[in-house]
Amino acid sequence: MRMRVLAAAGVLAGTVLTSTMVAPAQATGTGTTGTQGASAGWVMSIGGPIRTCDAARCDVVYQTSYGEDVYWTTSRINAAGNRWYKVTSPATGWIYCMNISAPC
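Quick caveat, the model's predicted, so the values are computed rather than measured.

Scoring rules and cut-offs
- Residues numbered from 1 in each chain as written.
- Predicted model: local features only at pLDDT ≥ 70, side-chain atom pairs only at ≥ 80, totals over all residues.
- Heavy atoms only, no water.
- Salt bridge = Lys/Arg side-chain N within 4 Å of Asp/Glu carboxyl O.
- Helix = DSSP H or I, 4+ residues; strand = E, 2+ residues; numbered from the N terminus.
- Buried < 20%, exposed > 50% of the residue type's maximum accessible area, 1.4 Å probe, protein only.
- Polar contact = N/O pair within 3.5 Å; in protein donor to acceptor, adjacent residues only side chain to side chain.
- Contact = heavy atoms within 4.5 Å.
- Core = buried A, V, L, I, M, F, W, Y, C linked by side-chain atoms within 4.5 Å.
- Disulfide = S-S within 2.5 Å.

Draft legend 1. Seen up close, the pattern of salt bridges. Tallying each qualifying case throughout the model produces one salt bridge. For Asp54, the salt bridge is made with Arg76, and the minimal N-O distance between the two is 3.6 Å. Here Asp54 is found in the loop between strand E2 (49-51) and strand E3 (60-63), whereas its partner Arg76 is found in strand E4 (residues 69-77), with 22 residues between them in sequence. For Asp54, a relative accessible area of 2% gives the class buried. Residue class for Arg76 comes out partly exposed when judged on its relative accessible area of 23%.

Following this line, the structure appears as structure tokens:
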């Protein structure tokens, strides 16, 4: 019985971790620009794409890897209510907040 509980907890934890790595479907951004108390600068990527705009449907410019340094300059909340960060390195574009170690 104990093994079943541990196995179920492992599957649930894996599902939660996997779901945080992918940006949800989102609309084109028209939201506000701001950083909500965060300072622009270098953060660590958790692994995710840099896109041409602040929506999951936009083209991928660059695929970051876990642990890669990403430099962001500003953030925006898009029309779907999700925070995206404007990045200039390692490529120029937008990255979803759950894909880097900056606050959402």
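Structure shown, so let's carry the discussion forward.
Draft legend 2. Examining the side chain of Ser45 more closely. Looking at where Ser45 falls in the secondary structure, it is placed in the loop between strand E1 (41-44) and E2. A polar contact is formed between the side chain of Ser45 and the backbone nitrogen of Gly47, at a distance of 2.8 Å.

Draft legend 3. Focus on the side chain of Thr64. Residue placement: Thr64 occurs in the loop between E3 and E4. For Thr64, a relative accessible area of 3% translates into the label buried. A polar atom in the side chain of Thr64 sits 2.6 Å from the side chain of Ser45. Polar side-chain contacts of Thr64 include one of 2.5 Å to the backbone oxygen of Gly48. In this structure Thr64 touches Ser45, Gly47, Gly48, Ile50, Val70 and Ile95, once residues within four positions along its chain are discounted.

Draft legend 4. Local environment of the nonpolar core. In this structure, Val43, Trp72, Tyr85, Val87, Ile95, Ile100 and Ala102 are the most contacted members of the largest nonpolar core, which totals 14 residues. When residues of this core are traced back to their parent elements, those giving at least two are E4, strand E5 (83-89) and strand E6 (93-96). In this view, Ile100 contacts Val43, Met44, Ser45, Ile46, Val70, Tyr85 and Ile95; residues no more than four positions away in its chain are not counted.

Draft legend 5. A look at the state of the cysteines. On inspection of all chains with the given rule, the structure shows two disulfides. With a sulfur-sulfur separation of 1.5 Å, Cys53 is cross-linked through a disulfide to Cys58. In this structure Cys58 comes out as buried when scored by relative accessible area, which is 6%. Disulfide pairing is shown between Cys97 and Cys104; the S-S distance is 1.9 Å. Between Cys97 and Cys104, the S-S dihedral sits near 110 degrees, and the bridge is therefore right-handed.

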